[in-house]
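These are the residues of each chain, in order.
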Amino acid sequence: MVLPPALDFHSDLALHDESRARVVGLSAARSDLIRRAAENDRRYLLVTDERSVLTPPMHDALLSSGGVWVVREGDGHGPKRDAVTGRRVADMADALNGAGRVEADNTSPIFLRQVPDDDTLPAWAIDDVRRLVDAPTTQQVIISMSVRHNARRTTVLGLTAELLLDALTGSGPSSWGTAEPALAPWDRAELTRYARGRAPDDTHLVVVAPHAVGTVTVRRTADGLEETTQLTLGAGDPRSDAARSVLDGIPAAFTLVAQKVMALFGLALTRVGRADLNVPPIVEAPAVPLTMLVGPPGVRSLGLDLDAAAQQFGGTQVGRRRLPGVLLPLGTGDRVGWTRLTEVVEWIGPGRVREALTSEDDRTSASTPQTGGHLAP
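Residues numbered from 1 in each chain as written. Predicted model: local features only at pLDDT ≥ 70, side-chain atom pairs only at ≥ 80, totals over all residues. Heavy atoms only, no water.

Participant: Quick question: what am I supposed to make of the overall build of the protein here?
Facilitator: If you tally the helices and strands in the protein, you get 13 helices and 18 strands. Rg of the C-alpha trace for the protein: 22 Å, near the compact-globule value of 21 Å for 377 residues, within the 12% margin. With respect to the principal axes defined by its C-alpha atoms, the protein has extents near 65 × 50 × 40 Å. Burial analysis of the protein (377 residues in total) assigns 50% to the buried set. Excluding contacts between residues fewer than 6 apart, the proportion of contacts in the protein whose partners are at least 24 apart in sequence is 64%. (Helix = DSSP H or I, 4+ residues; strand = E, 2+ residues; numbered from the N terminus. Rg over C-alpha atoms; globule rule 2.2 N^0.38 Å. Buried < 20%, exposed > 50% of the residue type's maximum accessible area, 1.4 Å probe, protein only. Contact = heavy atoms within 4.5 Å.)

Participant: What is the right way to read helix α1 (residues 28-39) from this model?
Facilitator: Quick reminder: α-helices carry 3.6 residues per turn. Residues three or four places apart thus point the same way. An ideal rise of 1.5 Å per residue puts 16 Å on 12 residues; α1 measures up with 16 Å between its terminal C-alpha atoms. Inspection of α1 places Arg30, Asp32, Leu33, Ile34, Arg36 and Ala37 among the buried residues, and these make up the whole buried set. Packing partners of the buried residues in α1 comprise β2 (14-18), β3 (23-24), β4 (43-48) and α2 (56-64). With its phi angle positive at about 55 degrees, aspartate 41 sits one or two positions after the end of α1. (Expected span 1.5 Å × (residues − 1).)

Participant: What exactly am I supposed to notice about the packing of helix α5 (residues 159-169) against helix α8 (residues 250-260) here?
Facilitator: A pair of packed helices is characterised by two quantities: the angle between their axes and the separation of those axes. Relative to each other, α5 and α8 sit at 150 degrees, their axes nearing to 9 Å. For the element pair α5 / α8, the angle class is roughly antiparallel. Crossing of α5 over α8 shows right-handed handedness. Of the residues in α8, those touching α5 at Leu159, Thr160, Leu163, Leu164, Ala167 and Leu168 are Ile250, Ala253, Phe254, Leu256, Val257 and Lys260. (Axes fitted to C-alpha atoms, helices over the stretch in contact; angles between N-to-C directions. Parallel < 35°, antiparallel > 145°, perpendicular 65-115°, else oblique. Left-handed = near helix turned anticlockwise from the far one by under 90°.)

Participant: For this particular structure, what's the right way to read the pairing of strand β16 (residues 288-294)?
Facilitator: Successive side chains on a regular strand alternate, one facing one side of the sheet and the next facing the other. Here β16 lies mainly inside the structure; 7 of its 7 residues are buried. Sheet topology note: the strand β15 (residues 262-274)/β16 ladder contains 6 bridges and is antiparallel. Looking across to β16, one finds that leucine 269 is bridged to proline 289. (Pairing = 2+ DSSP bridges.)

Participant: How should I be thinking about the side chain of threonine 155 in this particular structure?
Facilitator: Tracing the backbone shows threonine 155 in the loop between β9 (137-149) and α5. At a separation of 2.7 Å, a polar atom in the side chain of threonine 155 contacts the main-chain carbonyl oxygen of asparagine 150. The contacts of threonine 155, once residues within four sequence positions are left out, are His149, Asn150, Thr192, Arg196 and Leu225. (Polar contact = N/O pair within 3.5 Å; in protein donor to acceptor, adjacent residues only side chain to side chain.)

Participant: What should I look at first to understand the side chain of arginine 87 in this one?
Facilitator: Turning to its location among the elements, arginine 87 is positioned in the loop between β7 (80-82) and β8 (88-89). For arginine 87, a relative accessible area of 2% corresponds to the buried category. Polar contacts involving the side chain of arginine 87 include one to the main-chain carbonyl oxygen of aspartate 94, which spans 3.0 Å. Not counting residues within four places of it along the chain, the set of residues in contact with arginine 87 comprises Lys80, Arg81, Asp82, Asp94, Ala95, Gly98, Ala99, Arg101, Glu103 and Asn106.

Participant: Sorry if this is basic, but what is going on with the sheet that holds strand β17 (residues 316-319) here?
Facilitator: Sheet strands line up and pair through hydrogen bonds in the backbone, either parallel or antiparallel. Strand order in the open sheet formed by 10 strands is β11-β10-β12-β13-β14-β9-β15-β16-β18-β17, and the pairing between neighbours is antiparallel. In this open sheet, the two edge strands, each paired with only one partner strand, are β11 (184-185) and β17. The strands that helix α7 (residues 241-248) touches are β9, β14 (224-234), β15 and β16; relative to β9, the one it contacts most, it runs at about 20 degrees. Across the sheet, helix α10 (residues 306-313) touches β17 and β18 (324-329), and the angle it forms with β18 is around 15 degrees.

Participant: Even after reading the chapter, I still don't get the environment of valine 47, so can you show me in this structure?
Facilitator: Within the secondary structure layout, valine 47 lies in strand β4. Residue valine 47 is classed as buried on the basis of its relative accessible area, which comes to 2%. Residues valine 47 and glutamate 18, spaced 29 residues apart in sequence, show a C-alpha to C-alpha distance of 4.7 Å. Contacts of valine 47, omitting those with residues within four sequence positions, involve Asp17, Glu18, Ser19, Val70, Arg72 and Met92.

Participant: It is not clear to me how the environment of valine 246 should be interpreted in this structure. Could you clarify?
Facilitator: Turning to its location among the elements, valine 246 is positioned in helix α7. Residue valine 246 is classed as buried on the basis of its relative accessible area of 10%.

Participant: Help me out: how do you make sense of the pattern of salt bridges in this one?
Facilitator: Side-chain pairs of opposite charge can arise where the charged atoms are in close proximity. Under the definition given, this model contains 23 salt bridges. Between glutamate 73 and arginine 81 there is a salt bridge, with the nearest N and O atoms lying 2.8 Å from each other. Between aspartate 276 and arginine 274 there is a salt bridge, and its shortest N-O distance comes to 2.8 Å. Residue classification places aspartate 276 among the partly exposed residues on the basis of a relative accessible area of 39%. When its relative accessible area of 13% is taken as the criterion, arginine 274 is described as buried. Within the structure, one salt-bridge network assembled from shared partners comprises Arg20, Arg22, Asp49, Arg51, Asp128 and Arg131. (Salt bridge = Lys/Arg side-chain N within 4 Å of Asp/Glu carboxyl O.)

Structure representation (structure tokens):
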């Protein structure tokens, strides 16, 4: 293996990346390192101290690739913990082998937002912990929306991000890029040209807007082009009318997307999180579900009864009259939506939920040849 430039250390299990940056983003070098780790059957291992937070694109890339984030507490020679679960780890091998495991009796107090009040950490390290705990907050909205396009040369990507951001924040994307910082001025035609040049390989892009950041992933399937947009946006003070307005506007935003494109699946969640939208190495409030959209392909393949959806859950038909999807309200800023989400999953059928999230080509790709080179055959 040719060692990538961002590599700090490597082992039989992982490629190690150490950083003391205040904000760890998905740089081109770091993205390459994550990709190289996957290609060589190793894990990506990020090691930081308490001062570091991750951007949403970086955090998503780490988790989706099976990577691990370890924090060295104190001066670097003290305890270590899994930054995602809070579990104390003995060493890096322990972190890799037990990644994702939660142990209530072995959880770091710092992860639980307890600022040390003794001399177990140096003063500067305690200050770093206090900055994490006391960081300004906002009402965060986390959205994932998958849509399908015909594989034509006239197809232009990026509309979903524009529609969602315009509807919820009043301002569309400002820039995009293949990594962070994403500095290219927003241009859907240019974004599409880049994705076309990479086809049939997947394309992963970063999208930036005022008070929002996210990713757009494009992949070729047997059914066409699947574009998945993931956004994290700050809606303002959790107690403000502005935040409530954003939460209340999500159903209309999802309906608009369903009118303009072929929606596959959408989910909106909310929580109170950092105002800068970055992810800290300490526990955050869990995101709670607000709205779910099942597009026409899911409604059709699952045989969903839209009248029953309306009667039982207040669901509404969206999209085209002859080929409708369904919008399902789950919760509000005042009512946690986990109970309703459970009811919806039971109604669909727990064993069939994955079917609603899976494109037809994922079920048939083993026998379906793919056409390469362009977005259109």
